[in-house]
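# Observations on chain architecture
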Amino acid sequence: MKKQVISLFLAFGISLVAGAQPQEKRRAITLEEAITIARVQSVDAAVALNELKTAYWEYRTFRADLLPEMNFEATIPSYNKKYNSYQQDNGAYTFVRNNYMEMNGEVSIDQNIWLTGGKLSLNTSLDFLKQLDGDKSKRYMSVPVALTLEQPIFGVNTIKWNRRIEPVRYAEAKAAFLTATEEVTMTTINYFFNLLLAKENVGIARQNLKNADKLYEVAKAKRSMGQISENDLLQLELNVLNARSTLTENESNLKSNMFKLRSFLALGEDEELEPVVPETIPTVLLNYPDVLDKALANNSFAHNIRRRQLEADFEVAKAKGNLREIKLYAQVGFTGTDNEFNSAYRRLKDNQIVEVGFKIPILDWGKRRGQVKIAQSNRDVTESKLRQETMNFNQNLFILVEQFNNQQAQLQIADDADKIAQKRYSTNVETFMVGKISTLDLNDSQSKKDEARQKHINELFYYWYLLLPVAQLDYCGISIPILILMPISRRLSNNRIFTIQFCLNIKWGCLCTY
């Protein structure tokens, strides 16, 4: 009786422990759902978005440099109690002790002049000085209004060049964000189809093991009746062992690929993903001239080419501007001084300053001329690289269009071959049952069946890998044609290297809200 009670408690405890263990939730997931989740939750998508935000604020900072800027500068207070040098009437110098406090403040409105590269400022300032020893006098000096111009002459106009370069850089950053987003899509497609292929392989391995067990049982009965040889029986037994080994390996591969997709999508570890085979295959036909026109108009590559050309020209202009340096500083306004604050603004006098400073090399052994030649040589190298990259761009785009237009036919062929291989294997199993074919023919048909199924999944993967970048993806409901080209290299399950370029026609309209 005690043993029965103890057994009941043990069974109850085991059931509680088993019930407390977390159970994996099965979740069917389509390719579109995986891409949507990746664009929202993946780390790569977050990095791309933050890089776009950085580019946006850099562009905002550039735009702010073109607008008037108001500044307030003050020293409140400055106290000095020290010896200073003083020149006497006879020309000799001596040291006198000073003990004073001063304060000053200035408000200025500054405006960069993009046409000339100078800066124009409107200033007003006030200075206060109080002696703390002796007669303890105080003094005010005011500059009610002053207009100041700082202008480099013959130097490079950095503001003007930035007005040409920065908009192109920002356009390139926006296109690069879309490229990074599509890279997230490509990675998702890769992980999704790896999981889908692993799932199919597990299903194939389980079916093969089931068939191998069934055929082995039939073969043992035939062997007992002397209808097959010992060699055929051993071959079928070996097939059972190989099928079990393949199933174990494929199950491990399935778990590995599920973990990769789940980690990339930032999903919980308790979710068991069930990838759904894409059934609807849209038909799209690309026209190379149209694709090329959109690519050159909207692609990040086109912006990159333009930016690099402008930067090379800017380096040459900057090197030429460094050959000589002349700066003009001019200020006109009014100033006044008095012991009283109000009086310092009454009896005003002209306040005019004009300074022209220059720095011209007399003997530099050709250093600055050499810097100009270096910049010009670098520009020539950049132009040569850009021409070659443009040719490669057009060539890769043409190859992409041809590959994409041919891929649908390849997919249809793979689908037909899969169905034929499945039917052939089923027929060979029945034929083997009646003893009309050998185990070699049966094994060959099984191998061809598995290869045809895997090839069908791979061709489906290629098609979606090429199709999604040209699909209409709805971001904010505003349709703007954007063409993205990006080099992608992937090693697929059949060990083929597939290097392609992608284009994208995308609905986009929310970048301006960042």
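One can find the structure itself at the top, above this paragraph.
Everything numeric here is computed off the predicted structure, so don't read it as measured data. (Residues numbered from 1 in each chain as written. Predicted model: local features only at pLDDT ≥ 70, side-chain atom pairs only at ≥ 80, totals over all residues. Heavy atoms only, no water.)

Before going further, it helps to examine the overall build of the protein. From N to C terminus, the protein includes 9 helices and 10 strands. Per-residue burial over the protein gives 36% buried out of 514 residues. (Helix = DSSP H or I, 4+ residues; strand = E, 2+ residues; numbered from the N terminus. Buried < 20%, exposed > 50% of the residue type's maximum accessible area, 1.4 Å probe, protein only.)

So, about a nonpolar patch on the surface. Taken together, Met-70, Phe-72, Val-107, Ile-109, Leu-120, Leu-122, Val-145, Leu-147, Val-332, Phe-334 and Leu-348 make up a surface patch of nonpolar side chains, about 940 Å² in accessible area. Residue classification places Phe-334 among the partly exposed residues on the basis of a relative accessible area of 40%. (Patch = residues over 30% accessible without salt bridge, like charges linked within 9 Å, V, L, I, M, F, W, Y side chains within 5 Å. Areas by Shrake-Rupley, 256 points an atom, 1.4 Å probe, with all protein chains shown as cover. Salt bridge = Lys/Arg side-chain N within 4 Å of Asp/Glu carboxyl O.)

Let's shift gears to the pairing of strand E3 (residues 93–113). Bridge count for strand E2 (residues 69–87) against E3 is 17 bridges, and the pairing is antiparallel. Residue pairing across strands places Tyr-83 opposite Arg-97, the latter belonging to E3. Hairpin connection, E2 to E3: the antiparallel pair is bridged by 5 residues, and Gly-91 has positive phi, about 90°. Bridge analysis of E3 against strand E4 (residues 118–131) gives 14 bridges, and the strand direction is antiparallel. Bridge assignment links Tyr-100 to a residue of E4, and that residue is Gln-131. (Pairing = 2+ DSSP bridges.)

Quick look at the nonpolar core now. Ile-29, Leu-31, Ile-189, Phe-192, Phe-193, Leu-265 and Leu-273 are the most contacted members of the largest nonpolar core, which totals 63 residues. At the level of secondary structure, the elements contributing two or more residues to this core comprise helix H2 (31–41), helix H4 (158–224), helix H5 (230–264), helix H6 (288–298), helix H7 (300–321), helix H8 (367–433) and helix H9 (439–467). In terms of residues, this core owes the most to one element, H4, which gives 16 residues. Excluding residues within four positions of it along the chain, Phe-192 makes contact with Ile-29, Thr-30, Leu-31, Ala-34, Leu-261, Pro-275 and Val-276. (Core = buried A, V, L, I, M, F, W, Y, C linked by side-chain atoms within 4.5 Å. Contact = heavy atoms within 4.5 Å.)

With that settled, consider a positive patch on the surface. On the surface, Lys-320, Arg-324, Arg-369 and Lys-373 cluster together into a positively charged patch. With respect to the helices, strands and loops of the structure, Arg-324 is situated in the loop between H7 and strand E7 (325–338). (Lys, Arg positive; Asp, Glu negative; His and termini not counted. Charge placed at Lys NZ, Arg CZ, Asp CG, Glu CD.)

The omega torsion across Ile-76 and Pro-77 is -15°, close enough to zero to call that bond cis. By the element assignment, Pro-77 lies in strand E2. In the Ramachandran plot, Lys-136 falls in the positive-phi region, its phi being about 50° despite a non-glycine side chain. A residue is classified by how much of its surface remains accessible, and Lys-136, at 53% relative accessible area, is exposed. Located in the positive-phi region is Phe-154, a residue other than glycine, with phi close to 70°. Looking at the element boundaries, Phe-154 is found in the loop between strand E5 (138–153) and H4. Here Phe-154 falls in the exposed class, since its relative accessible area comes to 52%.

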